[in-house]
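Structural description and commentary
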Amino acid sequence: QALDTDKDSRISRAEANAGNAGFAQRFAEMDVNKDGYLDRADRELRMTRERVAFFGGADANKDGKLSRDEFAVEQGARGAERRAQFAKRAETAAKQVKARPAPTEAEQLQRAGKAFDRMDANKDGTLTKAEFDAAKSMHGGKGPHSRKG
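Okay, so let's go over this structure. This one's a predicted model, so the numbers in the text were calculated from it and none came from an experiment. (Residues numbered from 1 in each chain as written. Predicted model: local features only at pLDDT ≥ 70, side-chain atom pairs only at ≥ 80, totals over all residues. Heavy atoms only, no water.)

Now for the side chain of arginine 51. Relative to the assigned elements, arginine 51 resides in helix α4 (residues 40-58). Judged by relative accessible area, which is 5%, arginine 51 ranks as buried. A distance of 2.3 Å separates a polar atom in the side chain of arginine 51 from the backbone oxygen of phenylalanine 132. (Helix = DSSP H or I, 4+ residues; strand = E, 2+ residues; numbered from the N terminus. Buried < 20%, exposed > 50% of the residue type's maximum accessible area, 1.4 Å probe, protein only. Polar contact = N/O pair within 3.5 Å; in protein donor to acceptor, adjacent residues only side chain to side chain.)

Positive phi, close to 65°, is recorded for serine 9, a residue that is not glycine. Within the fold, serine 9 resides in the segment before β1 (11-12). One non-glycine residue with positive phi stands out, namely lysine 62, at about 55°. Structurally, the position occupied by lysine 62 is in the loop between α4 and β3 (65-67). A residue is classified by how much of its surface remains accessible, and lysine 62, at 59% relative accessible area, is exposed.

A word on the packing of aromatic side chains. One pass over the full model with this rule turns up four aromatic pairs. Measuring from ring centre to ring centre gives 5.4 Å for phenylalanine 54 and phenylalanine 132, while their planes differ by 15°; the resulting arrangement is stacked. With phenylalanine 54 in helix α4 and phenylalanine 132 in helix α7 (residues 129-138), this pair connects stretches of sequence that are 78 residues apart. With a relative accessible area of 0%, phenylalanine 54 lands in the buried category. (Phe/Tyr/Trp six-rings, centres within 6.5 Å; stacked < 30°, edge-to-face > 60°.)

This is the structure we're talking about:
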């Protein structure tokens, strides 16, 4: 929002270049529809890609459903990757960043279990693609955190 200097609800390449250098470097990757702006459409496209990658990566036995264990393993892996990316960006920017300590394995499993239970609409112990996709609306369009796939 701070980078949107003309307040048109999108960030142009010029606005990105005038702001944070690290952000400007990631502009092309974030401009998913390649229209020269970062806006809600780009965010929605990125989130859709990430959700597809999450489900596909988590479905280890390729049965079209996620077990609690498959979900927890994938969510843990993606969380670790996000923390590493955040640390790398902070290091590149030579910033001292206050980071929360990484959750313990028990905390991660507890969080994943709660998220899984919220999404498992029919309470059968598995998540179908439909249940997983329906969870998007429960989180304001965000769904579970994800990584690039």
